[in-house]
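# Fold and geometry: a report
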Amino acid sequence: MANANGVNESANDLVARFAERYGFREDELLNTLAQTAFRQQNGSVPTREQMLSLLSVADSYGLNPFIRQIWGLSDRRGGVFPVISIDGWTAIMNSYPQSNGMEFSYPEELITFDEDMKACHPWMECVIHRKDREHAIRVREYLDELYRPAVVKNGKKFPGPWQTCPKRMLRHKSQIQAIRIAYGLSGLFEPDEAERLLETQLGEPVPNLQEPEQKPVEITRDEVMEKEPELSEQDAMDDAMAAAEAEFIASKEVIELEAVDPDGIDPQVLSFIDQVVERARGTGAFTAAQGFAQDRFKDDGNALNYCLFRLDEAQAASAAPAA
């Protein structure tokens, strides 16, 4: 049902209910979410469908985006993945009155797949107990099906969470899958899973950088509620799981402002560069981003120069003292 302005009443109720829960005015709530957990990768205002989809998931499961229990990752087709952190999955489980605890089991054996990773159990089993079930739910996840080698760029390795804390990663994987089965959950993604899905869409690995802090995007309630969906082909990647834990100094020539010309660069490439710069700004991993850019744009000198210039500009701004 729509009101005189064409805004769906049920959508209005959802926004109002969510705003009241966290003590925001409705326009303040949407502005804050658009700038943080629900923002789009290219910095644009979220579409009506994306915002309402994420709000609906958060509202349904009582998840709090302000403490990173849920956030959104845009896909290449203008859709959005509702990504749930391990804290969010645990909160969902504990919200069910039927919950009766969980436990983990694993063998004493420890293995490694390469020289970069710490030793880890070959499998981890999560057991979830429900008061209304005679038998516990057991889910076992195997390391050889989940492990991801360190990313290699220009001959340098960038260890990730599967190298530095594989036991924790395996435990989270088994816990999340057990919660899914025990409570019949679907349509929700965990960070590592969302990253893999987006890499499949992109057709190439993305830099292992944390999602960025972005400049505020001022929007009004009507702009979010009534904005028509815009199908996008942006190469999007939001929430990688951990910051790059090793950096290398990328060699590059100094580029003057007037020598950098974004004209002629494909808009999709420009959007991808925006994402790399914003992730580097959010984590401070500028040298890692520079190395990624040199490898990614090695056959496109204009795109490479523009990306390196943007990274230099962002690094200089982040190093400048606050006014």
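Residues numbered from 1 in each chain as written. Predicted model: local features only at pLDDT ≥ 70, side-chain atom pairs only at ≥ 80, totals over all residues. Heavy atoms only, no water.

### A few points about the pairing of strand E5 (residues 137–142)
Just so we agree on the cut-off: Exposure is judged per residue with a 1.4 Å probe applied to protein chains only, and the accessible area is read against the type maximum: over 50% gives exposed, under 20% gives buried, and values in between give partly exposed. The helix and strand labels rest on DSSP assignments: H or I over at least four residues marks a helix, E over at least two residues marks a strand, and numbering proceeds from the N terminus. Here a strand pair is declared whenever DSSP counts at least two bridges between the two strands.
Residues Ile 137, Val 139 and Glu 141 point to one face of E5 and are all buried, whereas Arg 138, Arg 140 and Tyr 142, pointing to the other face, are not buried. In this sheet, E5 lies alongside strand E4 (residues 123–130) in antiparallel orientation, the contact comprising six bridges. The residue of E5 that forms the bridge with Met 124 is Glu 141. Hairpin geometry of E4 and E5 is characterised by an intervening segment of six residues between the two adjacent antiparallel strands.

### Considering the nonpolar core
Note that soluble globular proteins tend to have their nonpolar side chains buried in a common cluster. Selection criterion: Nonpolar core, defined: a set of buried Ala, Val, Leu, Ile, Met, Phe, Trp, Tyr and Cys residues in which side-chain atoms within 4.5 Å join the residues together. Here a residue-residue contact requires only that any non-hydrogen atoms of the pair lie within 4.5 Å.
One finds Phe 38, Leu 55, Ile 84, Trp 89, Ile 128, Ile 179 and Tyr 183 to be the most contacted residues of the largest nonpolar core, which totals 42 residues. Sort the elements by how many residues they give to this core and helix H3 (residues 48–61) lands first, with six residues. Residues within four places of Leu 55 in sequence aside, it is in contact with Leu 14, Val 15, Phe 18, Leu 30, Leu 33 and Phe 38. In this structure, Val 276, Ala 280, Phe 286 and Leu 308 belong to the second largest nonpolar core, which totals 18 residues.

### Details of the confidence of the model for the protein
Stated formally: pLDDT measures the predictor's confidence residue by residue and takes values from 0 up to 100.
The predicted model of the protein averages 75 in pLDDT, with 72% of residues at 70 or higher. Low pLDDT, under 50, characterises residues 206–259; the stretch is placed with 168 contacts to residues that sit more than four places away or in other chains.

### Focus: unusual backbone geometry
With the exception of glycine, most residues fall at negative phi, and the peptide bonds are largely trans. In this structure, Arg 68 is a non-glycine residue whose phi angle is positive, near 65°. Relative to the helices and strands, Arg 68 resides in the loop between H3 and strand E1 (70–74). Of note, Asn 154 is a non-glycine position whose phi angle comes to about 55°, a positive value. Along the chain, the position of Asn 154 falls in the loop between strand E6 (151–153) and strand E7 (156–158).

### A closer look at the environment of Ala 289
With respect to the helices and strands, the residue Ala 289 is situated in helix H11 (residues 286–296). Classification of Ala 289 as buried rests on a relative accessible area of 0%. Along the chain, Ala 289 and Leu 308 lie 19 residues apart, while their C-alpha atoms are 8.8 Å from each other.

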